[in-house]
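Examining the three-dimensional arrangement
Spelled out from the first residue to the last, the chains are:
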Amino acid sequence: MATLTVNVDHVATVRQARLDTEPDPVFAAGLAELAGADGITVHLREDRRHIQDRDVEVIRQTCKTRLNLEMAATEEMIAIALRIKPDMVSLVPEKREELTTEGGLDVVKHEADIKKATEALKAGGIYVNLFIDPSPAPIEAASRIGADGVELHTGTYANAPLGERRDVELGKIAAGASLAASLGLKVHAGHGLDYRNIEPVREIPEIEEFAIGFSIIARSVIVGMERAVAEMVELVR
Ligand code: PXP
């Protein structure tokens, strides 16, 4: 049975729109846990456009499940992770001008740097996950680097039109999941997943955990956080 970590970044996006104190991602994280989430994900970006350092610190103190910190493999972020000690770090590529993470980490090109970051985080007792495209080269590099797991980027699948193009992308995720698992990596998946497109991905047996944010937070504005999370928990399981 797969598990779900709920990304609460976009609760902070609404708060930052007014530079106010609400809505608070800390409350959203608590409600997500009460509704059955297996973990909470936050992305602390270099530009602090949504999640702030205080959010990570307070959620670390209040989180009853597991805290997954998404971050770039920079010295600043590694120091923060080693101080705050999330249960898991997901290393992601980051560009200032992007609306959201646009693709997987280029672990082949940056293998030495990502290995160094992975080793530092693992030495601090943190599970390290690499967010990568579902193709063989980065999966094999993640295994060489010694990551604990990979998060397969599902954004291309999610953005593809229904039909053959989407099926091709789904096939890449299934093949990637199988390769990663055969190399001893734990398989996570995420990006762009929603209440409809999750269903075929959920059938891939190697995927142990999904990281989902935008669709849950968007639905929660209409139906409430607990219902939005509970409905996704039901779908994932
Ligand atoms: N996984 C990673 C690595 C991400 O960067 C994001 C977006 O922050 C997600 C999962 C969640 O994506 P979405 O918000 O589209 O569900």
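Above: the structure in question.
What counts, and at which threshold
Residues numbered from 1 in each chain as written. Predicted model: local features only at pLDDT ≥ 70, side-chain atom pairs only at ≥ 80, totals over all residues. Heavy atoms only, no water. Salt bridge = Lys/Arg side-chain N within 4 Å of Asp/Glu carboxyl O. Helix = DSSP H or I, 4+ residues; strand = E, 2+ residues; numbered from the N terminus. Buried < 20%, exposed > 50% of the residue type's maximum accessible area, 1.4 Å probe, protein only. Pairing = 2+ DSSP bridges. Axes fitted to C-alpha atoms, helices over the stretch in contact; angles between N-to-C directions. Lys, Arg positive; Asp, Glu negative; His and termini not counted. Contact = heavy atoms within 4.5 Å. Core = buried A, V, L, I, M, F, W, Y, C linked by side-chain atoms within 4.5 Å.

Take the pattern of salt bridges next. Summed over the entire model, instances satisfying the criterion amount to 19 salt bridges. In this structure, Lys172 and Glu169 form a salt bridge, with 3.2 Å as the shortest nitrogen-oxygen distance. Linking Lys172 with Glu169, this pair stays in helix α8 (residues 164-182), spanning three residues, or about one helical turn. Each of Arg15, Asp24, Arg54 and Asp55 takes part in one network of salt bridges that share partners.

Going residue by residue along strand β4 (residues 88-91), you find Met88 and Ser90 tucked away on one face and Val89 and Leu91 tucked away on the opposite face as well. Pairing of strand β3 (residues 67-71) with β4 involves four bridges; the strand directions are parallel. By the bridge assignment for β4, Met71 is matched with Leu91. Judged from the four bridges that link them, β4 and strand β5 (residues 127-132) form a sheet pairing that is parallel. Directly across from Ser90, in β5, lies its bridge partner Asn129.

Spatially, eight strands are ordered β1-β2-β3-β4-β5-β6-β7-β8 in a closed barrel, and the strand pairing comes out parallel. Here the strands of the sheet are splayed against their neighbours by 25 degrees on average, with no regard to which way each runs. Here five bridges tie strand β6 (residues 149-153) to strand β7 (residues 186-190), and the two strands are oriented parallel to one another. If you follow Gly149 over to β7, its bridge partner there is Lys186.

In this section: the side chain of Glu33. Inspection of the secondary structure assignment puts Glu33 in helix α2 (residues 25-34). At 6.0 Å, Lys64 is the nearest oppositely charged side chain to Glu33, a buried residue that forms no salt bridge. If sequence neighbours within four positions are ignored, Glu33 has contacts with Ile40, Thr62, Cys63, Lys64 and Thr65.

Judged by nonpolar contacts, the single largest core of 70 residues is most densely connected at Leu91, Leu130 and Phe210. Of all the elements, helix α11 (residues 225-236) adds the most residues to this core, at seven residues. With residues near it in sequence (within four places) discarded, Leu91 still touches Met71, Ala72, Ala73, Leu105, Ile114, Ala117, Thr118, Leu121, Val128, Asn129, Leu130 and Phe131.

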